[in-house]
Amino acid sequence: VALIVAYFFSRSIARPLSSLSRLIKEIADGNLNADFSKIKKSNDEIGLITEEMQSMSSSLSTIVEKIRTAGNTMSKNSTDLNETSNQTLSANNEISRAVQDVAEGSTNMANAIADINNSLETMSLESEHIDTLLQISKNRQLPFRKTASQ
């Protein structure tokens, strides 16, 4: 009789411990949604350990989900930052091209102004030369006019 009672008593402890051990292994392997319903609820130490393991599994699942959400948010923010960076780079390139165009236009304008100044200087010299020739021509005609009028 004592052996039969001992056998059933040890079985009542061994089965839940064996089931709990399998669930702990599942959790360790990454299954945070292990099914604790197969373990008979009890008010002894094994029941208490089972409840705490179920609570721990649920907490770990919540933590993993928060980490996953944070990772997704970081990934989206990284993508957004990369896109913003590319847009900024593109805008900087456009600004650089615009500055180069302005610099090129300024250089062309300065060259055109230098050409105009050279042309004006040439015109001024030619104008002075024409004026000198006119003066010489007038001076030569004056004696001729004086002789013709006398």
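Structure first, text after, so check above.
Residues numbered from 1 in each chain as written. Predicted model: local features only at pLDDT ≥ 70, side-chain atom pairs only at ≥ 80, totals over all residues. Heavy atoms only, no water.

Moving on: the overall build of the chain. When helices and strands are counted, the chain shows 2 helices and 0 strands. Expected size for 150 residues packed as a compact globule is a radius of gyration near 15 Å; at 52 Å, the chain overshoots this value by more than 25%. The principal-axis extents of the C-alpha atoms in the chain amount to approximately 175 × 20 × 15 Å. Taken over 150 residues, the chain has a buried fraction of 9%. Contacts spanning at least 24 positions in sequence make up 52% of the contacts within the chain whose residues lie at least 6 apart. Looking at the chain, you have 15 positive and 18 negative side-chain charges, and the mean spots of the two groups are 6 Å apart. (Helix = DSSP H or I, 4+ residues; strand = E, 2+ residues; numbered from the N terminus. Rg over C-alpha atoms; globule rule 2.2 N^0.38 Å. Buried < 20%, exposed > 50% of the residue type's maximum accessible area, 1.4 Å probe, protein only. Contact = heavy atoms within 4.5 Å. Lys, Arg positive; Asp, Glu negative; His and termini not counted. Charge placed at Lys NZ, Arg CZ, Asp CG, Glu CD.)

In this structure, Ser57 sits in helix H2 (residues 45-149). The class of Ser57 is buried, set by a relative accessible area of 2%. Contacts of Ser57, omitting those with residues within four sequence positions, involve Ile27, Leu32, Asn33 and Phe36.

It is worth spelling out the packing of aromatic side chains at this point. The full count for this structure, using the stated rule, is 1 aromatic pair. Judged by centre distance (5.4 Å) and plane angle (70 degrees), the ring pair of Tyr7 and Phe8 falls under edge-to-face. (Phe/Tyr/Trp six-rings, centres within 6.5 Å; stacked < 30°, edge-to-face > 60°.)

Before going further, it helps to examine the nonpolar core. Membership of the largest hydrophobic core is limited to 8 residues, which are Leu20, Leu23, Ile27, Leu32, Ala34, Phe36, Ile39 and Met53. Examining the composition of this core, we find that 3 residues originate from one element, helix H1 (residues 2-28), more than from any other. With sequence-adjacent residues up to four places away left out, Leu20 is seen in contact with Phe36, Ile39, Ile49, Thr50 and Met53. (Core = buried A, V, L, I, M, F, W, Y, C linked by side-chain atoms within 4.5 Å.)

Bringing a nonpolar patch on the surface into the picture now. A grouping of Met56, Leu60, Ile63 and Ile67 is seen on the molecular surface, where their side chains present a nonpolar patch of about 350 Å² in accessible area. Along the chain, the position of Ile67 falls in helix H2. A relative accessible area of 57% means that Ile67 is categorised as exposed. (Patch = residues over 30% accessible without salt bridge, like charges linked within 9 Å, V, L, I, M, F, W, Y side chains within 5 Å. Areas by Shrake-Rupley, 256 points an atom, 1.4 Å probe, with all protein chains shown as cover. Salt bridge = Lys/Arg side-chain N within 4 Å of Asp/Glu carboxyl O.)

Looking now at the pattern of salt bridges. Think of it this way: side chains of opposite charge can pair up when their charged atoms draw near. Applying the stated criterion across every chain yields a total of 3 salt bridges. One salt bridge in this structure joins Glu65 and Arg68, with 3.0 Å as the shortest N-O distance. Taken together, the residues span about one helical turn, with Glu65 and Arg68 both in helix H2 at a distance of 3 residues. A relative accessible area of 40% means that Glu65 is categorised as partly exposed. By relative accessible area, which is 47% here, Arg68 ends up partly exposed. With a closest N to O distance of 2.8 Å, Lys76 and Asp80 form a salt bridge. Here the residue Lys76 and the residue Asp80 both occupy positions in helix H2, the gap between them amounting to 4 residues, near one helical turn. On the basis of relative accessible area, Asp80 is assigned to the partly exposed category, the value being 33%.

Keep in mind that these numbers describe shape and distance, not what the molecule does.
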